[in-house]
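Here's the letter readout for the chains.
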Amino acid sequence: MEYFVHETAIVDPGAMIGAGTKIWHWTHVCSGVVIGEQCNIGQNVFIADQVSVGKGCKIQNNVSIYRGVMLEDGVFCGPSMVFTNIYNPRAEIRKMDQVRPTLVKHGATLGANCTIICGVTLGKYSFVGAGSVVTKDVYDYVLVTGNPARQVGYMCECGERLNESLSCLVCGKKYEKNNDEVIEK
């Protein structure tokens, strides 16, 4: 094997795991899952069938990724953050035909204990603050916090908050607005 699976983890037959990926204690990866190279999947994680995880993702402890969720490369899922996949679930009524897809784009960060309501897109390098509840799309490089999550700033690709001139004081990258989108200069 070109990847590591802890002895307490379960990886169902039919799951595809990329080289260099590490899957830790008490994690369950279902059949049909595709996980890219060099990922780190923490303990007590559940990844449902038909989920796609890009390369270089970090999924911290106690995260469940349900059918309908797609993570692009370099996504960070903080400890105990939550994805949903059915907007109005009921225990007594099967609604798996109502799964709403959620797309998390390249480099996004989802803070500890945040909740992502299904059917949204989180833009590249967006940043969801710890404990926030995301109910609508988040654009590229945008920082959101609160319940419901609201835009409070912009983030650099290096993970630092941009100043008012959309410059990063840590790595020196500069950004600009282009039709309400933020792009790197």
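Residues numbered from 1 in each chain as written. Predicted model: local features only at pLDDT ≥ 70, side-chain atom pairs only at ≥ 80, totals over all residues. Heavy atoms only, no water.

### Observations regarding the sheet that holds strand E1 (residues 4–5)
The following threshold applies: Two strands pair under a simple rule: DSSP has to find at least two bridges between them. Helix and strand definitions follow DSSP, with helices as H or I runs of at least four residues and strands as E runs of at least two, each counted in order from the N terminus.
The nine strands lie next to each other as E1-E4-E7-E10-E13-E16-E19-E21-E22, forming an open sheet whose pairing is mixed. Pairing within the sheet leaves two strands with one partner each, and these edge strands are E1 and strand E22 (150–154). As paired strands, E1 and strand E4 (residues 22–23) are joined by two bridges and run parallel to one another. Paired with Val5 across the two strands is Ile23, which belongs to E4.

### Things to note about the side chain of His6
Quick reminder of the rule: The term polar contact refers here to a pair of N or O atoms within 3.5 Å; inside protein, the definition further demands a hydrogen-donor-capable atom paired with an acceptor-capable atom, and it admits residues adjacent in sequence only when both atoms are side-chain atoms. By the convention used here, residues are in contact when the closest approach between their heavy atoms is within 4.5 Å.
Within the secondary structure, His6 is located in the loop between E1 and strand E2 (10–11). One polar contact links His6 to Thr8, side chain to side chain, over a distance of 2.9 Å. A distance of 3.1 Å separates a polar atom in the side chain of His6 from a polar atom in the side chain of His25. Setting aside residues up to four positions removed in sequence, His6 forms contacts with Ile23, Trp24 and His25.

### Observations regarding the sheet that holds strand E18 (residues 121–122)
Read across the open sheet, the six strands follow the order E3-E6-E9-E12-E15-E18; overall the sheet is parallel. Lying at the two open borders of the sheet, with one neighbouring strand each, are strand E3 (16–17) and E18. As defined by bridge partners, E3 adjoins strand E6 (residues 34–35) across two bridges and the pair is classed as parallel. By the bridge assignment for E6, Ile17 is matched with Ile35.

### Overview of the environment of Lys174
Looking at the element boundaries, Lys174 is found in the loop between E22 and strand E23 (175–178). Put simply, Lys174 and Met96 are 78 residues apart on the chain and 43 Å apart in space, counted from C-alpha to C-alpha. Once residues lying within four places of it in the same chain are set aside, the contact partners of Lys174 are Leu166, Ser167, Glu184 and Lys185.

Function cannot be read off these values alone, since they describe shape.
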